[in-house]
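# Summary of structural features
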Amino acid sequence: QVQLVESGGGLVQAGGSLRLSCAASGSIFGINVMNWYRQAPGKERELVAASSSGGDTYYADSVKGRFTISRDNAKNALYLQMNSLKPEDTAMYCCAARSGGSYSDGPDWWGQGTLGTVAS
């Protein structure tokens, strides 16, 4: 079992930045892919960014060039640097992890989420 705990959400003005963190614990040796998802009010959950243990990354078109996903395997941590934020980036951001497969497969484990709010 893997536990994921997010932090770093908050309120920021449009154009500002937030850095989200996800701390993984438990049976982390089996983790391959780690993702950030988000769900805005009234919208479906979407995959924002993904990182594989091999170094491959994925970004949704809506965040390319603004968001950066990174991993610190020594600290068992995942990060999401979000720059040039827009009001439409307001959402609950959740960290997720998977033991195999690819980022397009459903995660095995989920965090509780951290809320990011961007004011116009």
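Structure: see above.
Attention here is on the structure that accompanies the text. (Residues numbered from 1 in each chain as written. Predicted model: local features only at pLDDT ≥ 70, side-chain atom pairs only at ≥ 80, totals over all residues. Heavy atoms only, no water.)

### Quick look at the overall build of the protein chain
So the rule is basically this: Helix and strand definitions follow DSSP, with helices as H or I runs of at least four residues and strands as E runs of at least two, each counted in order from the N terminus. With a 1.4 Å probe rolled over the protein chains alone, any residue whose accessible area is under 20% of its type maximum counts as buried; one over 50% counts as exposed, and the rest are partly exposed. The criterion used for residue contact is that any of the two residues' heavy atoms lie within 4.5 Å. Computed by Shrake-Rupley with a 1.4 Å probe, the accessible areas treat only the displayed protein chains as cover when residues are assessed.
Looking only at helices and strands, the protein chain features 0 helices and 11 strands. In the protein chain, the succession of α and β elements from N to C terminus is β-β-β-β-β-β-β-β-β-β-β. With the C-alpha coordinates aligned to their principal axes, the bounding extent of the protein chain is approximately 40 × 25 × 25 Å. Looking at the protein chain as a whole, 42% of its 120 residues qualify as buried. Restricting the contact set of the protein chain to residue pairs at least 6 apart, pairs at least 24 apart contribute 55%. For the protein chain, the accessible area works out to roughly 6100 Å², and carbon and sulfur atoms hold 47% of it.

### Side note on the state of the cysteines
Selection rule: Disulfides are defined as pairs of cysteine sulfur atoms found within 2.5 Å of each other.
Applying the stated criterion across every chain, the model contains 1 disulfide. Two residues share a disulfide in this structure: C22 and C95, whose sulfurs sit 2.1 Å from each other. Here the S-S torsion is close to -75°, and the disulfide linking C22 with C95 is therefore left-handed. One end of the pair, C22, is in strand β3 (residues 18–26); the other, C95, is in strand β9 (residues 91–98), and 73 residues separate them in sequence. Each member of the pair, C22 together with C95, is buried. Between C94, a free cysteine, and C95, which holds the nearest cysteine sulfur, the sulfur-to-sulfur gap is 8.7 Å.

### Here's the deal with the pattern of salt bridges
The condition that has to hold: When a carboxyl oxygen of Asp or Glu lies within 4 Å of a side-chain nitrogen of Lys or Arg, that pair is called a salt bridge.
In this structure the tally under the stated criterion is 6 salt bridges. Between R38 and D89 there is a salt bridge whose closest N-O contact spans 2.9 Å. With R38 in strand β4 (residues 33–39) and D89 in the loop between β8 (77–82) and β9, the pair connects residues that are 51 residues apart, well separated along the chain. Given a relative accessible area of 1%, D89 falls into the buried group. For R98, the salt bridge identified is with D108, shortest N-O distance 3.8 Å. Of this pair, R98 sits in strand β9 while D108 sits in the loop between β9 and β10 (109–110), and the two are 10 residues apart along the sequence. Sharing partners across several salt bridges, the network here consists of R38, E46, R66 and D89.

### Topic: the side chain of R98
How we decide: Polar contact criterion, stated in full: a pair of N or O atoms within 3.5 Å, where within protein one must be able to donate a hydrogen and the other to accept it, and residues adjacent in sequence count only if both atoms are side-chain atoms.
Among the polar contacts listed, one links the side chain of R98 to the backbone oxygen of G106, at a separation of 2.5 Å. The residues touching R98, leaving out its near neighbours within four places in the chain, are G30, I31, N32, V33, D105, G106, P107, D108 and W109.

### Considerations on the packing of aromatic side chains
For clarity, the threshold we go by: Two aromatic rings from Phe, Tyr or Trp, using only the six-membered ring of Trp, form a pair when their centres are within 6.5 Å; if the ring planes differ by under 30 degrees the pair is stacked, by over 60 it is edge-to-face, and anything between is tilted. The criterion is that NZ of a Lys, or CZ of an Arg, lies within 6 Å of the ring centre and within 35 degrees of the ring normal, and then a charge sits over that ring.
Applying the stated criterion across every chain, the model contains 2 aromatic pairs. Measuring from centroid to centroid gives 4.8 Å for Y37 and W110, while their planes differ by 50°, and the two rings are tilted. Of this pair, Y37 sits in strand β4 while W110 sits in strand β10, and the two are 73 residues apart along the sequence. You can call Y37 buried: its relative accessible area is 10%. The ring of Y79 has R19 lying over it, and the distance from NZ or CZ to the ring centre is 4.1 Å.

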